[in-house]
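# Structural overview
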Amino acid sequence: MKSKREGNTRFRLILTLGLAVVLPALTLIYVNFRHVKAIKRDKKVEALIHRDFEYILAVSEKQMNEKAYQLAEQARDLFPPDNATPEEKSKQLDQVLAKSPWFAHVYIFDSEKPIIFRSQPAQWNDPMFRADHERLKRVYSGWFGLEGKLIMEELHKRPKPISWYGGEYKGTDGQPHYSTSSSFTFPQLPRERVVLGGAVFDTRYLKQTFFPEMLDLLISKQVDMDQKGLFPGIFHELRPAEAGEHKDQRLAMMVYPGNSRNEDLDRPFAMSPGWSGGEPEISRNLGDVFSGLKLGIKFQGTTAKALGDKWVLQSLAILAVLSVLMIGGLALTYRSVNKQVALAKLKSDFVSNVSHELRTPLALIRLYAETLELGRITTQDKKNEYYSIIRKESERLSALINNILDFSRIEAGAKEYDFRETDIAELVRNTLDSYRFQIEQQGFALEEQIDPGIPRVRVDREAIARALVNLVNNALKYSDNEKFLGVRLYRDNAVLKLEVSDRGIGIERNEQTRIFEKFYRTCDPLVHNTKGSGLGLSLVRHITHAHGGEVEVESAPGRGSKFTMSLPLVQPEAAS
Ligand code: ADP
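Presented here is a report on the structure given in the accompanying data block. Just so you know, these numbers come straight off a predicted model, no measurement behind them.

Parameters and conventions
- Residues numbered from 1 in each chain as written.
- Predicted model: local features only at pLDDT ≥ 70, side-chain atom pairs only at ≥ 80, totals over all residues.
- Heavy atoms only, no water.
- Helix = DSSP H or I, 4+ residues; strand = E, 2+ residues; numbered from the N terminus.
- Buried < 20%, exposed > 50% of the residue type's maximum accessible area, 1.4 Å probe, protein only.
- Contact = heavy atoms within 4.5 Å.
- Areas by Shrake-Rupley, 256 points an atom, 1.4 Å probe, with all protein chains shown as cover.
- Pairing = 2+ DSSP bridges.
- Phe/Tyr/Trp six-rings, centres within 6.5 Å; stacked < 30°, edge-to-face > 60°.
- Lys NZ or Arg CZ within 6 Å of the ring centre and 35° of its normal.
- Near = heavy atom within 4 Å.
- Polar contact = N/O pair within 3.5 Å; in protein donor to acceptor, adjacent residues only side chain to side chain.
- Nonpolar A, V, L, I, M, F, W, Y, C, P; charged D, E, K, R; others polar.
- Patch = residues over 30% accessible without salt bridge, like charges linked within 9 Å, V, L, I, M, F, W, Y side chains within 5 Å.
- Salt bridge = Lys/Arg side-chain N within 4 Å of Asp/Glu carboxyl O.

A few words now on the overall build of the protein. Along its length, the protein carries twelve helices and 16 strands. By residue count, 42% of the 576 residues in the protein fall in the buried class. Long-range pairs, those at least 24 residues apart, make up 67% of the contacts in the protein with a sequence separation of at least 6. For the protein, the accessible surface area stands at approximately 31800 Å², while carbon and sulfur atoms represent 54% of it.

This part covers the pairing of strand β6 (residues 251-257). With seven of seven residues buried, β6 lies mostly within the body of the structure. With burial as the criterion, each face of β6 is covered, one bearing L251, M253, V255 and P257 and the other bearing A252, M254 and Y256. Both β6 and strand β9 (residues 293-299) contribute to a ladder of seven bridges, which runs antiparallel. Residue pairing in the sheet places L251 in a bridge with F299 of β9. Pairing analysis gives two bridges linking β6 to strand β7 (residues 270-271), with the strands arranged antiparallel. Across the sheet, the residue bridging to M254 is M271, located in β7.

Glancing now at the packing of aromatic side chains. This model, assessed by the stated rule, comprises 27 aromatic pairs. Residues W102 and Y205 carry aromatic rings whose centres are separated by 5.9 Å and whose planes lie at 45° to one another, so their mutual orientation is tilted. Highlighted residues: W102 in the loop between α2 (86-99) and β1 (103-110) and Y205 in helix α4 (residues 203-227), separated in sequence by 103 residues. Exposure remark for W102: the relative accessible area of 19% places this residue in the buried category. With centroids separated by 5.8 Å and ring planes inclined at 90°, the aromatic side chains of F184 and F186 adopt a geometry described as edge-to-face. Both residues of the pair, F184 and F186, belong to the buried class. Among the aromatic side chains, those forming a connected cluster through ring pairs are Y69, F103, W164, Y178, F201, F210, F211, F269 and F290. Taking NZ or CZ as reference, K415 lies 5.0 Å from the ring centre of Y417, over its face.

Looking now at the site of the ligand. In the region of the ligand, 20 residues are neighbours, and Y478, R521, T522, S533 and L537 sit closest. One of the side-chain nitrogen or oxygen atoms of Y478 is found 2.7 Å away from an oxygen atom of the ligand. In this structure, G534 approaches the ligand through a main-chain N or O atom, which is 2.9 Å from an oxygen atom. Here the ligand loses 98% of its free accessible area of 520 Å² to cover by the protein chains. Split into classes, the residues belonging to the shell around the ligand amount to nine nonpolar, eight polar and three charged.

What follows concerns the side chain of S100. When you line up the elements, S100 lands in the loop between α2 and β1. The residues contacting S100, other than those within four sequence positions of it, are A75 and Q120.

Moving on, we come to a nonpolar patch on the surface. A grouping of F11, L15, L19, L23 and L332 is seen on the molecular surface, where their side chains present a nonpolar patch of about 440 Å² in accessible area. Sorting elements by how many residues they give to the nonpolar patch places helix α1 (residues 4-77) first, with four residues. Structurally, L332 is set in helix α7 (residues 304-373).

Let's shift gears to the pattern of salt bridges. Inspection of the entire model under this criterion finds 23 salt bridges. In this structure, R193 and D110 form a salt bridge, with 2.7 Å as the shortest nitrogen-oxygen distance. One end of the pair, R193, is in the loop between β4 (176-184) and β5 (195-201); the other, D110, is in strand β1, with 83 residues separating them in the sequence. Relative accessible area serves as the criterion here: at 4%, D110 is assigned to the buried category. The partner of D418 in a salt bridge is R420, and the shortest N-O contact between them spans 2.8 Å. The exposure class of R420 is partly exposed, given its relative accessible area of 48%. Linked by salt bridges that have partners in common, D406, R409, K415, E462 and R466 make up one network.

Rendered as structure tokens:
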């Protein structure tokens, strides 16, 4: 039969193991599972975002190019007619510059005449600008002089006869500068003539006006598209939960020098509001008008690094919590296992103690009974002495057996108490009377003090007597030099107190609560040499609890002990 307590212990062990191993392990599995899912989801989101970004970049490039073409065509339409004199042409080109502040230089190249190259007069004071003027004039007249015909043929093949040359050149200040310029033909002129016009973008204008305005416009256009549901990827292919934080994030774009081989993020050419530095999520090499530049895009605020850091932080926090759980669980398991080991040791001590306890009285009874049977004892006194030994030993035996039986009933949760109206003063007196002879024979001074007028109470007679016998027996067992036994019964307001005191070996303070545990025996050498089961006090405690009371001990090593059972006068109807 399994006892309730054993069940409890098993439950506690399972609970501890559950806490220590199963719970953290399950959490770990769950967290991993979530991470894998999150990674998978992130990959999906990432792929869609990248697709969207690439799409946005392509659209943006197209729009920027369109704008540039438009500006070049507008300028071309204002170019002077072919039959104008060089002076007229120069004048008209100056007017073109006045109407198109985005161009720094304009020119007309005619293979039969010197190049007419005009620059913005407002910037003429800048020596670097003047140097640019000279350089470009030289470059174009030389280059077109050599390859003008070829370039014209190329241009005629295009839907729009305009071509662009973009790239960085080293300025007179030694720094790299970006510039892009258009060259175009005049459709009204006969094809065999090599006449080219051109307009060079003002770098400052590109930097300060063209790109910032374009980027701003492009970004607000994306938001517009999104609101109208035209935006292709993330927001429409993902469920809102998956798009998550990305849904509300605004975009940022940047233009910077670079080509497919190298790029220079530290020298941004222009950026949209909200570009807080860092690398673009996706970038595109611009071609045609703005070759030599790159266009980058990302979400405002967050960078891939920030997202990564967040993820690492989250993982660390989860790991920390799990570690604490595991360590806590292991500590609990360790404690629990320790307890079990200690209990197992106590049990084995108990078995050896009890078997000795049973064998000794049985051997004595048998010895004395056999001696009597043989009829060798002649004197009545001797016979009486033998009879009394047999009686005492059998009493000891039955007390021990009663203790063990009671204990096993308690362990099985089957102990029942029979509460009856009782004169407890008489019960105590009678119990002591049956031990008086033994007490005195062992040389103990018995001081019995039972207050008069103790009211009748509902108790289990047998159980209370057994508790008293256990306390008295302990007092007898654990006294060495001074043999004194005090038993007191008195009323303290609504509580009845039964005190058993001795002047024996006493109990260390740190053991005073443990002695009430089952099988527990102190380490005192006298205790070691005295047989006992370690069950007595645990029974006393159980019995007092069943009566709604409490048992306490006051003791000092070498000075003796006082055990007090406090029983409330109004007792529970039936406790078990
Ligand atoms: P047992 O006496 O069979 O060992 P108990 O449960 O009655 O078991 O007592 C538990 C332990 O408490 C004893 O082994 C002893 O160490 C200590 N003890 C009990 N009563 C006394 C006492 N009166 N004086 C000193 N130690 C005591």
